[in-house]
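# Structural description and commentary
The lines below spell out each chain.
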Amino acid sequence: MNNDTHQRLPTTRREFLRMTGTGLGLLAFSAYAPRFLTDAAAANVPAPQKDKRILVLVQLAGGNDGLNTVVPYADDLYFKLRPKLAIKDVSTLHKLNDHVALAPPCGALANLAKDGKFAVLQNVGYPNPNRSHFRSSEIWETASDADAFLSDGWVGRYLDNCCEGAPADAHNQDPAGIHSTLTQPQTFSSKDPQNYFGISGNFRGNQRQRKRKDNATYKPLLDEFAEAPAGGDMGNFLSHTLMDALVTEKRVQQILDAYQTTVTYPNGPLGQSLKRVASLIAAGLETRVYFCSQTGYDTHANQFNNHQRLLGDLSDSLAAFQADLEAHGLGQQVLTMTFSEFGRRPYENDAQGTDHGTAAPLFVMSGALKQGGVIGDAPDLKIPPKGDLTYKIDFRQVYATVLDKWMETDPKSVLGQKFTELPFLG
């Protein structure tokens, strides 16, 4: 019987990859790493800039139905287009003005709107909209025209053009971006190597983006290790290729384990992801951009109850996140923004759902908003049979506003052209 209470250290490169691939993770044997690696998790970390502004992106994946989210209750056409899906009891809505209201489950967001900390941007989309999930998501994440194809994301370009890139061996630097998705979002793709970190689930999806010689493909860290030529001893392998990943993972784990909050978050994936983000922000990480995702918005059939459930989870999760930030004195330092690849059709289909559409509302939330409430007019529902909504705000106007007023950089250097900015930030 083996009385050793410690996890056995892998003795070969192949064994190391096998152990990490079966779920032990980097931390399972971090006690065996060189002392300077583990010490770096708690020392030699750059002092955080407490006033640096942070952006949190929340993806509503699948295409959110804008008309049942921000309801045009004063327009009779809404009820005619949706005889079964329309929210008929107007008294349950949270009115934002004389024309539109938030859906019944969104009371927490309505309260934030009253306090000027939450704004709805109406009819957000882009010219010549694409109704493919993949392609339209790509357009939103790369900020491209509908007929253009870009490989780098808009946040990646921001980091390339406006921030000093992290050297490959800069293990003491915090990640430039952190995501809670299983794979790195295209929003973070960049031409220059950038330090990104994943915290999905138990955040085993640790990734550091590295630029390949073919200038085309980026792969997760362990995939790159698996393809690397064998050879060299285990100590060199650990010290030279796992240094930054191990240090970051240890530090993140320590922060998450130690975090305490009086705010109760929903138990769903979005709420728990935002709780992790709040803990990392409160710990003073240098990370400028975080990315979370809520799935389930592709509501082609039996939409009503499922969609309202999603909206309730979204509302409660966002409100808890803002309350948590404010409890730590960070309510004005963080801007949260939602996006979805497209809206849904104005009319309901035969399966009591809605099909892929075009424009939809977009949310922004912060204690630093210049203007809360509603920005833009209610959707124009005077459309031909089987018609669709017309966008009024190009989503890149939102990005331009965030880049200029929040991230303090020239939007044209990231977006490639000039867009009229919006009044939700000062």
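Residues numbered from 1 in each chain as written. Predicted model: local features only at pLDDT ≥ 70, side-chain atom pairs only at ≥ 80, totals over all residues. Heavy atoms only, no water.

## Observations concerning the environment of Gln352
Here Gln352 lies in the loop between β9 (334-339) and β10 (360-365). Among residues more than four places away in sequence, those in contact with Gln352 are Lys84, Leu85, Ala301, Asn302 and Gln303. (Helix = DSSP H or I, 4+ residues; strand = E, 2+ residues; numbered from the N terminus. Contact = heavy atoms within 4.5 Å.)

## So, the packing of helix α4 (residues 107-114) against helix α11 (residues 303-327)
Their axes nearest at 7 Å, the elements α4 and α11 cross at an angle of 45°. The angle between the axes of α4 and α11 places the two elements in the oblique class. Between α4 and α11, the contacting residues are Gly107, Ala108, Leu109 and Leu112 on the first element and Ser315, Asp316, Leu318, Ala319 and Gln322 on the second. Looking at side-chain class alone, the contact of α4 with α11 contains five nonpolar, three polar and one charged residues. (Axes fitted to C-alpha atoms, helices over the stretch in contact; angles between N-to-C directions. Parallel < 35°, antiparallel > 145°, perpendicular 65-115°, else oblique. Nonpolar A, V, L, I, M, F, W, Y, C, P; charged D, E, K, R; others polar.)

## Re the pairing of β10
Most of β10 is tucked away, with six of its six residues classed as buried. The pairing of strand β5 (residues 118-125) with β10 spans five bridges and is classified as antiparallel. By the bridge assignment for β10, Val120 is matched with Phe363. (Buried < 20%, exposed > 50% of the residue type's maximum accessible area, 1.4 Å probe, protein only. Pairing = 2+ DSSP bridges.)

## Some points on α4
Three or more residues of α4 are buried, namely Gly107, Leu109, Ala110, Leu112 and Ala113. Buried positions along α4 lie against β3 (94-95), β4 (101-102), β5, α11, β10 and β11 (373-375). A positive phi of about 75° marks Gly116, the residue just after α4.

## Observations concerning the side chain of Gln322
Here Gln322 lies in helix α11. Looking at Gln322, its side chain comes within polar contact range of the main-chain oxygen of Gly331, at 3.4 Å. If sequence neighbours within four positions are ignored, Gln322 has contacts with Leu112, Gly331, Met365, Ser366 and Gly367. (Polar contact = N/O pair within 3.5 Å; in protein donor to acceptor, adjacent residues only side chain to side chain.)

## Focus: the environment of Lys405
Relative to the helices and strands, Lys405 is located in helix α12 (residues 395-406). Residue classification places Lys405 among the partly exposed positions, given a relative accessible area of 28%. Among residues more than four places away in sequence, those in contact with Lys405 are Arg53, Glu421, Leu425 and Gly426. At a separation of 2.7 Å, a polar atom in the side chain of Lys405 contacts the side chain of Glu421.

## Focus on the environment of Ser200
For Ser200, the location among the structural elements is in the loop between β7 (196-198) and α7 (221-227). With relative accessibility at 10%, the residue Ser200 sits in the buried group. For the pair Ser200 and His179, spaced 21 residues apart in the sequence, the C-alpha separation amounts to 7.4 Å. Dropping the residues within four chain positions of it, Ser200 is found in contact with His179, Ser180, Thr181 and Leu182.

## Considering helix α10 (residues 269-282)
Over its 14 residues, α10 extends 20 Å from the first C-alpha to the last, a length consistent with the 20 Å expected when each residue adds 1.5 Å. If you check which residues of α10 are buried, you get Leu270, Gly271, Ser273, Leu274, Val277, Ala278, Ser279, Leu280 and Ile281. Downstream of α10 by one or two residues, Gly284 has phi in the positive range, about 90°. (Expected span 1.5 Å × (residues − 1).)

## Section: the pattern of salt bridges
A full pass over the atoms with the stated rule returns 14 salt bridges. Between Arg396 and Asp145 there is a salt bridge, and its shortest N-O distance comes to 2.5 Å. Taken together, the positions of Arg396 in helix α12 and Asp145 in the loop between α5 (133-142) and α6 (154-162) put the pair 251 residues apart, joining distant regions of the chain. Among the residues examined, Arg396 registers a relative accessible area of 4% and is labelled buried. The closest approach of N and O atoms between Asp404 and Lys405, which form a salt bridge, is 3.2 Å. Asp404 gets classed as partly exposed once you look at its relative accessible area, which sits at 28%. Here the residues in one salt-bridge network are Arg131, Arg345 and Asp388, joined through shared partners. (Salt bridge = Lys/Arg side-chain N within 4 Å of Asp/Glu carboxyl O.)

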